[in-house]
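# Secondary and tertiary structure notes
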Amino acid sequence: MPAQIGVTGLAVMGANLARNFARNGYTVALHNRSVAKTDALLAAHGDEGDFIRTETLEELVANLESPRRVMIMVKAGGPVDSVIDQLVPLLDEGDIIIDGGNSHYTDTRRREAALAEKGLHFVGVGVSGGEEGALLGPSIMPGGSAESYKALGPLLEKISAKADDGTPCCAWISTDGAGHFVKMVHNGIEYADMQVIGEAYDLLRSAAGLEPAAQAEIFSQWNEGELSSFLIEITAEVLGHVDAATGKPLVDVIQDSAGQKGTGRWTVQSGLDMGSPVSAIAESVFARSLSSQREIRAVGQQVLAGETTEVTLPENFVEDVRQALFASKLVSYAQGLDMLTSAAGEYGWELKLDEIAGLWREGCIIRAALLKDIMAAYKGDAQPANLLFTPAFSEAIAKALPAWRRVVAIAVQLGIPAPVFSSSLAYYDGLRRDRLPAALTQGLRDFFGAHTYRRTDKEGTFHTLWSGDRTEIAAEDTH
Ligand code: 6PG
């Protein structure tokens, strides 16, 4: 029997997705550059379903039913192009190449356009959920043509996570690179989510003296309420874990420099390009970068003053921190979703934000109870200009606001960096501010560069003759 899907690239994500397809009743053709990996997979898990072992891409393709579906699970970048180049001569019109890695969406757009010219479908698929998700049910974000989804969607939906109501956490996102774009933004939010958790931990530890074990309890409790989410749940696990070698909390033994593969950075770069203010996500990327400058930080510890102000912590400081975390988290989701709206305009994608929030409800790293409410916020005709403007969220933030301000003030007074707590608050205050100092920025730009400005009291574009008699003239818009 020919296989319904072929997977090439059997590192852990590829292997687990292949197993997931097989466990769901599909026949899966397997290929890896070194056959040893294919054999290892078959030896360990060959009894989980119907696999076809192949040694070459020719053999892989020859074992697939039509239209052929070939999933590439190799490292993003050059390796993806190289596998595509090898596959193209082997495929027929209407066949589908699927890239399930974390590829940059602009690469996906380029590849999709190039393959469409050859009559092939190219589908960039965002897959979230880590190794376990890939095996047991990830959240899946496919882009590519609507036509390709007809042949591919049912398989992806079958292996995806399911929400409480049974809906698959997989839906066609939109054309070309939309799936990878949405996955990228998911990861940007993931960065901010983890950073706000880190800031809460740091404040509870450094300001309130709560040790990791005690905090494990706190995070477990938080996981019962509105913060309920995978990342809060595993925070309790990590904080509660004791290092076998030293007997210390593991978190005290792990080097404090965060790695990053690049998707958070890409989110911020795209946000900058589109003029979308993803400040919380940016701060979370920068926080990782700063953490990695270990040698520079070592000097900073010696030479930089650290004078702080004494503060008396509010009685309910732990609850204050929880609220600050929740409000900051909402801001990062709002910023991520705002970026999706900008991208939809830029690339002509019809992004359904309710559906996207819906498929993040289970399977992915940012899965959280909150996503149900985010989904509801964008249901039907309700398309708020910003997530925070929907009553459910504006009220939630209003409730958290006093605590959020107290926590940011305390962090500043004690010299505990809380870049996402504070930049999210600045974003929130920026959104609600009547007059921003951007008016002065415009005045300055006009002064040194004749960049012109608009007035609040009449239409048109103006320039003040700063180096002349300082009268104002109507001007060409150089805004
Ligand atoms: C997911 C994760 C996954 C991966 C990140 C890690 O959704 O399953 O986001 O894609 O763990 O790439 O990214 P960093 O190495 O950049 O933290």
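If you look the chain up in an unreviewed UniProt entry, it shows as 6-phosphogluconate dehydrogenase, decarboxylating from Glutamicibacter uratoxydans. Under Catalytic activity (unreviewed entry), UniProt gives the following word-for-word description of the chain: "6-phospho-D-gluconate + NADP(+) = D-ribulose 5-phosphate + CO2 + NADPH". Within the UniProt record for the chain, the comment given under Function (unreviewed entry) is "Catalyzes the oxidative decarboxylation of 6-phosphogluconate to ribulose 5-phosphate and CO(2), with concomitant reduction of NADP to NADPH."

Turning our eyes to something else, we now look at the overall build of the chain. Counting its secondary structure elements, the chain contains 20 helices and 9 strands. The C-alpha atoms of the chain give 25 Å as radius of gyration, which agrees with the globular expectation for 479 residues (23 Å, within 12%). Considering only C-alpha atoms, the chain reaches an extent of 80 × 65 × 45 Å along its principal axes. Relative to its full complement of 479 residues, the chain shows a buried share of 51%.

Okay, the domain arrangement of the chain next. Domain boundaries in the chain define domain 1 (5-172), domain 2 (183-432) and domain 3 (437-474). Of note, the centres of domain 1 and domain 2, computed from C-alpha atoms alone, are 32 Å apart. Each side of the interface is counted separately: domain 1 has 25 residues, and domain 2 has 19 residues. Carbon and sulfur atoms supply 60% of the area that domain 1 and domain 2 bury against each other, a total of about 1700 Å² over both sides. Where domain 1 touches domain 2, the interface holds 2 salt bridges. Across the salt bridge formed by Asp164 and Lys372, the nearest N and O atoms sit 3.2 Å from each other. Taken together, the links from domain 1 to domain 2 amount to 6 residue pairs in polar contact (both at pLDDT 80 or more). For the side of domain 1 that touches domain 2, the elements supplying multiple residues, two or more each, are helix H5 (105-117), strand S6 (121-128) and strand S7 (139-142).

What follows concerns the UniProt feature "active site" (unreviewed entry) in the chain. Taking the UniProt record as the reference, the feature "active site" (unreviewed entry) is found at Lys183 and Glu190. Cross-referencing the annotated residues with the lining of the second largest cavity gives Lys183. With residues near it in sequence (within four places) discarded, Lys183 still touches Asn102, Gly126, Val127, Ser128 and Met141. In this structure the side chain of Lys183 is engaged in a polar contact, spanning 2.9 Å, whose partner is the side chain of Asn102. Take Glu190: it is sitting in helix H8 (residues 178-206).

Their axes nearest at 9 Å, the elements helix H13 (residues 279-292) and helix H19 (residues 419-432) cross at an angle of 160°. One element, H13, and the other, H19, form an angle in the roughly antiparallel class. Read as a crossing pair, H13 and H19 show a hand that is right-handed. Two secondary-structure elements touch here, H13 through Ser279, Ala280, Glu283, Ser284 and Ala287 and H19 through Pro419, Val420, Ser423, Ser424 and Tyr427. The residue inventory of the contact of H13 with H19, partitioned by class, reads 5 nonpolar, 4 polar and 1 charged.

The next thing to look at is unusual backbone geometry. Here the amide bond leading from Ser66 into Pro67 is cis, since omega sits at -5°, within 30 degrees of zero. Its location among the elements puts Pro67 in the loop between helix H3 (57-62) and strand S4 (69-72). Phi at Thr452 is positive, roughly 70°, even though this residue is not glycine. Relative to the elements of secondary structure, Thr452 occurs in the loop between helix H20 (438-449) and strand S8 (462-464). Residue Thr452 is classed as buried on the basis of its relative accessible area of 2%.

Reading across from one edge, S3-S2-S1-S4-S5-S6-S7 is the order of the 7 strands in this open sheet, with mixed pairing throughout. At either end of the open sheet lies a strand with only one pairing partner, and these are strand S3 (51-53) and S7. Neighbour-to-neighbour, the strand axes of this sheet turn through a mean angle of 25°, independent of strand direction. Pairing analysis gives 4 bridges linking strand S5 (residues 96-99) to S6, with the strands arranged parallel. Across the sheet, the residue bridging to Asp99 is Gly124, located in S6. Against the sheet, helix H2 (residues 35-45) touches strand S2 (28-31) and S3, its axis set at about 150° to S3. On the sheet, H5 packs against S5 and S6 and is oriented at approximately 155° with respect to S6.

What counts as what
Residues numbered from 1 in each chain as written. Predicted model: local features only at pLDDT ≥ 70, side-chain atom pairs only at ≥ 80, totals over all residues. Heavy atoms only, no water. UniProt positions renumbered as here; feature names shortened; annotations may be inferred. Helix = DSSP H or I, 4+ residues; strand = E, 2+ residues; numbered from the N terminus. Rg over C-alpha atoms; globule rule 2.2 N^0.38 Å. Buried < 20%, exposed > 50% of the residue type's maximum accessible area, 1.4 Å probe, protein only. Domains from an automatic or database assignment. Contact = heavy atoms within 4.5 Å. Buried area = accessible area lost by both parts, 1.4 Å probe. Salt bridge = Lys/Arg side-chain N within 4 Å of Asp/Glu carboxyl O. Polar contact = N/O pair within 3.5 Å; in protein donor to acceptor, adjacent residues only side chain to side chain. 1 Å grid on protein atoms, 1.4 Å probe; cavity = no way out; pocket = protein on both sides within 12 Å on 5 of 7 lines; lining within 4 Å. Axes fitted to C-alpha atoms, helices over the stretch in contact; angles between N-to-C directions. Parallel < 35°, antiparallel > 145°, perpendicular 65-115°, else oblique. Left-handed = near helix turned anticlockwise from the far one by under 90°. Nonpolar A, V, L, I, M, F, W, Y, C, P; charged D, E, K, R; others polar. Pairing = 2+ DSSP bridges.

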